[in-house]
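Given next are the chains, with one letter for each unit.
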Amino acid sequence: MSQTELTLIPCTSDANSGSVVPVTPKITLYTAAPSQNAVRPELALLEKGISFDKIQVDLFGGEHKQPAYGEITPRRQVPTLVYGEGDEAITLYESVAIIQFIDDMCPEPPLMPPVSEPAKRAKALMRLAEFQQKLDPKNIFGSVVFRKQTREQLGERVDALLEELPRWDAYVGNGPFLCGEQFTLADIAVFPLLMHFEAIGYDYSKHTPSLFAYMNQCKMRPSVVQSGWIENFLAFAREREPGQVLAG
Ligand SMILES: N[C@@H](CCC(=O)N[C@@H](CS)C(=O)NCC(=O)O)C(=O)O
């Protein structure tokens, strides 16, 4: 596993006000450069300006199947986040749980609308749940890129995805983000997955113009740019010459 240390401003230090604030413990993120799941915690940490150590796990070399990785995280997947050290360390997996935990433990700047704004908060919670229950399960990227399935073979799975995306177009509406002006955990969940569909031929500008504008906003987001994920993901996808099953 290769390690890079990203040194950022700790989100909890407040030198100006002099107020006593807890120090963020050591955070280690196990990740894989092109993974849309693994980029979520990274985006949340970058949004917060939290320092963390980033460890690349070589999934294609089978590093996650080695006993050492199984001792770190029982499902042997990325992302995995280790919060703290030694006996106190908390290990989390599942990208949405991780970003929720980051937002809970390091609340500034917030990545969810506050309870004092119930309508916006309800929307963000629904989008997060819908992402996990409705959108992510319709992802066909792996079937296209790794298993080389064609449009014909994918059949109803493509139809279901093409029916789902206009719903998200309507959710974004005038945007700029899924819940309006605030960039939230819902965006961190959804945007990386939407990049998968672009890589297999979906033309947002043609079919879902609000999502097209939304994608452009997300691509320019400083945390997204700083992560370098889009370049990593696109290079990874290009090398595999994915079938453009969503083109048309
Ligand atoms: N639902 C999980 C999915 C995690 C996942 O599938 N990670 C992939 C990389 S994108 C992985 O670690 N694959 C290796 C494996 O499952 O053996 C999440 O959101 O974190």
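Residues numbered from 1 in each chain as written. Predicted model: local features only at pLDDT ≥ 70, side-chain atom pairs only at ≥ 80, totals over all residues.

Trainee: Describe the overall build of the protein, and please don't skip the residues or the numbers.
Mentor: Along the protein, the regular secondary structure elements total 12 helices and five strands. Taking 2.2 N^0.38 as the reference for a compact globule, 248 residues should give roughly 18 Å; the C-alpha atoms of the protein span a radius of gyration of 19 Å, in line with that estimate. Counting only C-alpha atoms and orienting by the principal axes, one finds that the protein spans roughly 60 × 45 × 25 Å. With 248 residues in all, the protein has 33% of them scored as buried. (Helix = DSSP H or I, 4+ residues; strand = E, 2+ residues; numbered from the N terminus. Rg over C-alpha atoms; globule rule 2.2 N^0.38 Å. Buried ≥ 20, exposed ≤ 12 C-beta atoms within 10 Å, placed from the backbone.)

Trainee: Got a sec to walk through helix α10 (residues 209-220)? Specific residues and values, please.
Mentor: Taking 1.5 Å as the rise per residue, α10 with 12 residues should run 16 Å; its terminal C-alpha atoms sit 17 Å apart, in good agreement. Restricting attention to buried positions, one finds in α10 the residues Leu 211, Tyr 214 and Cys 218. Across the axial projection of α10, the buried residues extend over an arc of 60°, all falling on one side. Facing away from the buried side of α10 by more than 90 degrees, the exposed set consists of Pro 209, Lys 219 and Met 220. Where α10 is buried, its residues contact α7 (156-172), α8 (185-199), α9 (204-207) and α11 (222-227). (Expected span 1.5 Å × (residues − 1). Arc of directions from axis to C-beta. Contact = placed C-beta atoms within 7 Å.)

Trainee: Could you give me a rundown of unusual backbone geometry, with the residues and numbers involved?
Mentor: Note the cis peptide between Val 78 and Pro 79, where omega equals 0°. Residue position: Pro 79 is located in the loop between α2 (67-72) and β4 (80-83). The residue after Glu 108, namely Pro 109, is reached through a cis peptide bond having omega -15°. On the secondary structure map, Pro 109 appears in the loop between α3 (95-105) and α4 (118-135). The phi torsion at Lys 148 lies on the positive side, around 55°, for a residue other than glycine. Within the chain, Glu 241 stands out as a residue other than glycine whose phi angle is a positive 40°.

Trainee: Let's hear about the site of the ligand: which residues, and what values?
Mentor: Residues in contact with the ligand, as listed here, are Ala 32, Ser 35, Asn 37, Leu 59, His 64, Arg 76, Gln 77, Val 78, Pro 79, Glu 94 and Ser 95. Across the shell around the ligand, the residue classes break down as four nonpolar, five polar and two charged. (Near = placed C-beta within 6 Å. Nonpolar A, V, L, I, M, F, W, Y, C, P; charged D, E, K, R; others polar.)

Trainee: Run through the packing of α3 against α8, naming residues and quoting values.
Mentor: The interhelical angle for the contact between α3 and α8, taken along N-to-C directions, is 150°, at an axis separation of 10 Å. Between α3 and α8, the angle is such that the two are roughly antiparallel. Seen from above, α3 lies across α8 with right-handed handedness. Where α3 approaches α8, its residues Val 96, Ile 99, Gln 100 and Asp 103 are matched on the opposing element by Leu 185, Ile 188 and Ala 189. Taken together, the residues of the contact of α3 with α8 break down into five nonpolar, one polar and one charged. (Axes fitted to C-alpha atoms, helices over the stretch in contact; angles between N-to-C directions. Parallel < 35°, antiparallel > 145°, perpendicular 65-115°, else oblique. Left-handed = near helix turned anticlockwise from the far one by under 90°.)

Trainee: For α4, give the residues involved together with the corresponding values.
Mentor: Look at α4: 24 Å from first C-alpha to last across 18 residues, which is about the 26 Å you get at 1.5 Å a residue. Approximately 25° is the largest bend angle found in α4, and it occurs at Ala 129. Among all positions of α4, only Ala 124, Arg 127, Leu 128, Phe 131 and Leu 135 are buried. Buried residues along α4 sit against α3, α7 and α8. (Bend = angle between axes of the 7 residues up to and from the residue.)

Trainee: Any chance you could break down the packing of helix α1 (residues 36-48) against α3 for me, citing the residues and the numbers?
Mentor: Close contact between α1 and α3 brings their axes to 8 Å; oriented N to C, the two are set at 10°. Here α1 is positioned roughly parallel relative to α3, judged by the angle of their axes. Along its contact with α1, which presents Asn 37, Arg 40, Pro 41, Ala 44, Leu 45 and Lys 48, the element α3 presents Ser 95, Ile 98, Ile 99, Ile 102 and Asp 103. Broken down by class, the residue content of the contact of α1 with α3 amounts to six nonpolar, two polar and three charged.

Trainee: Would you mind going over the domain arrangement of the protein in detail, with residue names and values included?
Mentor: Size of an interface: often given as the accessible area lost when the parts come together. Considered domain by domain, the protein is made up of domain 1 (2-105) and domain 2 (118-239). Taking the mean C-alpha position of each, domain 1 and domain 2 sit 23 Å from one another. Facing 14 residues of domain 1, the contacting portion of domain 2 comprises 17 residues. Counting only elements with at least two residues in the side of domain 1 that touches domain 2, the list comes to α1 and α3. Looking at which element gives the most residues to the side of domain 1 that touches domain 2, the answer is α1, with eight residues. (Domains from an automatic or database assignment.)

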